[in-house]
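Each chain is listed here by its residues.
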Amino acid sequence: MKLIIDEKQIESVLSEAAPSTAEVSAIISKAREKKGLELDEAVALLDGADDSTLFSAAAAVKKEIYGKRLVLFAPLYLSSYCVNDCAYCGFHASNPSPRKKLSHDEIVAQVRVLESMGHKRLLLEAGEHPDNSIDYVTEAMKTIYSTKGPKGQSIRRLNVNIAATTKENYARLKEAGIGTYQLFQETYHRATYGKLHCGPKADYERQLTALDRAFEAGIEDVGIGALFGLYDWRFEVLALIQHAQYLEQKHGVGPHTISVPRFRPAPSVGLQPTAFSDSDFLRAIAVLRLSVPYTGMILSTRESPSLRSKAFELGISQASAASVTEPGGYGKAATSTAQFETADHRSLDEVVLALCSRGLLPSFCTACYRSNRTGCDFMELAKKGAIQDLCTPNAALTFKEYLLDHASIETRTQGEALLEKAVRKVQGKTGEELCRRLKRLEEGERDLFF
Ligand code: SAM
Ligand code: SF4
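All values derive from a computational prediction rather than experimental measurement.

Draft legend 1. The arrangement of the overall build of the protein in detail. Of regular secondary structure, the protein possesses 19 helices and nine strands. Relative to a compact globule of 450 residues, whose C-alpha radius of gyration would be 22 Å, the protein shows 21 Å and is just as compact. Expressed along its principal axes, the backbone C-alpha trace of the protein runs to roughly 60 × 55 × 40 Å. Relative to its 450 residues, the protein shows a buried fraction of 60%. Of the contacts formed within the protein by residues at least 6 apart in sequence, a portion of 74% connects residues at least 24 apart. With the model as given, the accessible surface of the protein reaches about 17,700 Å², and the carbon-plus-sulfur share is 53%. Positive and negative side-chain charges in the protein, numbering 56 and 57 respectively, have mean positions lying 5 Å apart.

Draft legend 2. Up close: the domain arrangement of the protein. Parsing the protein into structural domains produces domain 1 (64-345) and domain 2 (385-442). Domain 1 and domain 2 are separated by 29 Å when their C-alpha centres are compared. Between domain 1 and domain 2, a total of about 800 Å² is buried, with carbon and sulfur atoms accounting for 46% of that surface. When residues of domain 1 are sorted by the area they lose upon contact with domain 2, R69, K151 and R156 head the list and together hold 41% of the total. On inspection of domain 1 and its partner domain 2, the count reaches two residue pairs in polar contact (both at pLDDT 80 or more). At the level of elements, α4 (51-66) and α5 (104-117) are the ones that each hand at least two residues to the side of domain 1 that touches domain 2. Among the residues making up the side of domain 1 that touches domain 2, the classes are represented as three nonpolar, four polar and six charged.

Draft legend 3. Quick look at the pattern of salt bridges. Counted according to the given criterion, the structure contains 31 salt bridges. One salt bridge connects K34 with E64, and the closest N-O pair in it is separated by 2.7 Å. Here E64 lies in helix α4 and K34 lies in the loop between α2 (21-32) and α3 (39-48), a separation of 30 residues in the sequence. Under the relative-accessibility criterion, K34 is labelled partly exposed at 23%. In this structure E64 comes out as partly exposed when scored by relative accessible area, which is 34%.

Draft legend 4. How the structure looks around the pairing of strand β4 (residues 178-182). In terms of burial, β4 is a largely internal element, five of the five residues being buried. Between strand β3 (residues 157-161) and its parallel partner β4, the chain crosses via helix α7 (residues 167-175), and the hand of that crossover is right-handed. Relative to strand β5 (residues 221-225), β4 runs parallel, the two being bridged by three bridges. Looking at β5, one finds that Q182 is bridged to G223.

Draft legend 5. Spatial organisation of the side chain of N159. Structurally, the position occupied by N159 is in strand β3. Ignoring anything within four residues of it in the chain, the contact list for N159 reads R121, L122, L123, L124, G179, T180 and Q182.

Here is what the cut-offs are and how they apply
- Residues numbered from 1 in each chain as written.
- Chains lettered and ligands numbered in written order.
- Predicted model: local features only at pLDDT ≥ 70, side-chain atom pairs only at ≥ 80, totals over all residues.
- Heavy atoms only, no water.
- Helix = DSSP H or I, 4+ residues; strand = E, 2+ residues; numbered from the N terminus.
- Rg over C-alpha atoms; globule rule 2.2 N^0.38 Å.
- Buried < 20%, exposed > 50% of the residue type's maximum accessible area, 1.4 Å probe, protein only.
- Contact = heavy atoms within 4.5 Å.
- Areas by Shrake-Rupley, 256 points an atom, 1.4 Å probe, with all protein chains shown as cover.
- Lys, Arg positive; Asp, Glu negative; His and termini not counted.
- Charge placed at Lys NZ, Arg CZ, Asp CG, Glu CD.
- Domains from an automatic or database assignment.
- Buried area = accessible area lost by both parts, 1.4 Å probe.
- Polar contact = N/O pair within 3.5 Å; in protein donor to acceptor, adjacent residues only side chain to side chain.
- Nonpolar A, V, L, I, M, F, W, Y, C, P; charged D, E, K, R; others polar.
- Salt bridge = Lys/Arg side-chain N within 4 Å of Asp/Glu carboxyl O.
- Right-handed = clockwise from strand over helix to strand, strands pointing away.
- Pairing = 2+ DSSP bridges.

Okay, here's the thing in structure tokens:
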């Protein structure tokens, strides 16, 4: 049986001699066809392509598939209780700091704060603990979906990032209306994984096979990721590609998203990150974009505003904004009980304004998930280029809602100008219908999508 992660193959590809210029340009041409790359081709680009060639190929592919839109979301931490002692995480069990698990009322209060900012998509986070049971998580999902703001604002898509679990529990998440189930392997390097983990998560196989169980339970969109800074970054990039290829072969659809978190300082954590410069980080993102062109890529507020804006051009299609990494932290002064330190401290409005000034269209879209365009159906549409035809109009509609309900005066002015340009590019009947729906939003209707 084919291994999910074949370390020998990865090591052997990583030790291959640097490619010639002719080989690099042949691989770049192939990558521009948006058919993805094999491991040896990915490593040839990682090691052999100059920044400008690599970045312009990645930017072109990103633009052709995703257009100008960037989807925004926020994490919502439910509980910092955890039985695991992951060496990198502020919630590790041996950290004596107080813990917090949100009650029903506290969840409602946090959701109201997030809704008032303008968020429509959340990523639920929790440590692994008997108190954070699947009943608790699914109840929380129910509460969140049913919590409406004063103008009827609601959270429309909940993605979930909780510990690896059983097929039965994944079925419960599916039933509760999960969007994407995300789980990071942290490091794909087995020996390093063993050294950094203690507790049930120390089981490398349990973590690695979790997404297979999620698929088997009927969850159609799953997200993978590695916590960069725990082991050699080139190894992790190739392992992510291998994992994506495995999921596609096994389940007929690859991961919906790849996350690229980098290890950050965290309370009570002494571990030092392995070397991974900002410029190599951007190269990793560009190579992933070219290797798995139709997979969404997620960047968090672990990165600084300036690095984030570069990464958005190269391949990132979703980003968190205005994130807080401790339960109950939205709307309150920061304390020292966060999971890790963030590096982008801007408000959602500031992030939106910065996107507008770079010509990127902020999107709060949840249309595909709510129209059952998930899993294989989504990938088929993406490959035909149709996602852009749907994504731009849906980005425009959700951005319009944001401008009407949440934006500062400056953001509204810049945003309306950007929106007008984006709408003009939507042709034919879709364009006409989009204009009608934008008008309906101005007249007070909400939640319109294609
Ligand atoms: N507890 C579950 C788990 O570990 O799978 C759910 C996710 S945990 C709350 C979210 C993610 O935060 C982890 O998968 C890990 O990659 C990341 N993380 C933990 N410590 C971090 C740190 N110091 N810097 C950056 N990311 C970190
Ligand atoms: Fe717990 Fe997840 Fe942090 Fe590990 S990464 S200590 S499992 S919350």
